[in-house]
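# Working through the structure, step by step
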Amino acid sequence: MKKLKNTFFAFLDTRKEETTKESELLAKDDRKDESNLLKAKANIYDIFKSIWNAAEKTTTDQETFKGEFLKKAAQIPSAWEKSLELAKQHNDIGKIVMEETKLSAVYEIKERFLSLF
């Protein structure tokens, strides 16, 4: 499990660093709205480290851990999915883009997680 954790965390750290650098470049280019979207996305990578650590505390069995992680990983973005639906109903483009940006990180992270198992 330790090797899986190291691999997963390295992925999260790399993606966060890439996203943060891109955000900084956008900010320097006076593209503040886009920069802020990427800042929000960068925070998602840390959230998933916390999810891993919380799931890890519940069991030492790999299959049980995987189920716990996926359960917790589904709970967090469910609020963002609801927010996205409401934003679509109200045609709130800014909110739609924000929620879609966060959810894109979630889908990317879950895909990577599943590829490890």
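What comes next concerns the included structure.

Parameters and conventions
- Residues numbered from 1 in each chain as written.
- Predicted model: local features only at pLDDT ≥ 70, side-chain atom pairs only at ≥ 80, totals over all residues.
- Heavy atoms only, no water.
- Helix = DSSP H or I, 4+ residues; strand = E, 2+ residues; numbered from the N terminus.
- Contact = heavy atoms within 4.5 Å.
- Areas by Shrake-Rupley, 256 points an atom, 1.4 Å probe, with all protein chains shown as cover.
- Lys, Arg positive; Asp, Glu negative; His and termini not counted.
- Charge placed at Lys NZ, Arg CZ, Asp CG, Glu CD.
- Buried < 20%, exposed > 50% of the residue type's maximum accessible area, 1.4 Å probe, protein only.
- Polar contact = N/O pair within 3.5 Å; in protein donor to acceptor, adjacent residues only side chain to side chain.
- Salt bridge = Lys/Arg side-chain N within 4 Å of Asp/Glu carboxyl O.
- Axes fitted to C-alpha atoms, helices over the stretch in contact; angles between N-to-C directions.
- Parallel < 35°, antiparallel > 145°, perpendicular 65-115°, else oblique.
- Left-handed = near helix turned anticlockwise from the far one by under 90°.
- Nonpolar A, V, L, I, M, F, W, Y, C, P; charged D, E, K, R; others polar.

Turning our attention to the overall build of the protein. Within the protein, the secondary structure is distributed over four helices and zero strands. Walking the protein from its N terminus toward its C terminus, one meets helices and strands in the order α-α-α-α. Put simply, 66% of the contacts in the protein that link residues at least 6 apart link residues at least 24 apart. When the accessible surface of the protein is summed, it comes to about 7100 Å², and 51% of that surface belongs to carbon and sulfur atoms. Considering the protein, the positive charge centre built from 22 side chains and the negative charge centre built from 21 side chains are found 5 Å apart.

Okay, the side chain of Arg15 next. Relative to the elements of secondary structure, Arg15 occurs in helix α1 (residues 2-28). The exposure class assigned to Arg15 is buried, which follows from its relative accessible area of 19%. Side chain to side chain, Arg15 and Glu18 meet in a polar contact 2.5 Å long. Dropping the residues within four chain positions of it, Arg15 is found in contact with Lys41, Tyr45 and Glu108.

By the definition in use, this model includes twelve salt bridges. Taking the shortest distance from any N to any O, the salt bridge between Glu99 and Lys95 comes out at 3.1 Å. One end of the pair, Glu99, and the other, Lys95, are both in helix α4 (residues 93-116), four residues apart, so they sit about a helical turn from each other. Each of Arg15, Glu18 and Glu108 takes part in salt bridges that share partners, so that together they form one network.

One non-glycine residue, Asp30, lies in positive phi territory at about 60°. Mapping Asp30 onto the fold places it in the loop between α1 and α2 (32-56). For Asn91, which is not glycine, the phi dihedral falls at a positive 55°.

One way to put it is that α2 packs onto helix α3 (residues 62-89) with a least axis distance of 9 Å and a crossing angle of 140°. Considering the angle they form, α2 stands oblique to α3. For the crossing formed where α2 meets α3, the hand is right-handed. Note on element contacts: α3 touches α2 through Phe65, Glu68, Phe69, Lys72, Ala73, Ile76 and Trp80, opposite Ile44, Ile47, Phe48, Ile51, Trp52, Ala54, Ala55 and Glu56. Among the residues forming the contact of α2 with α3, the class breakdown is twelve nonpolar, no polar and three charged.

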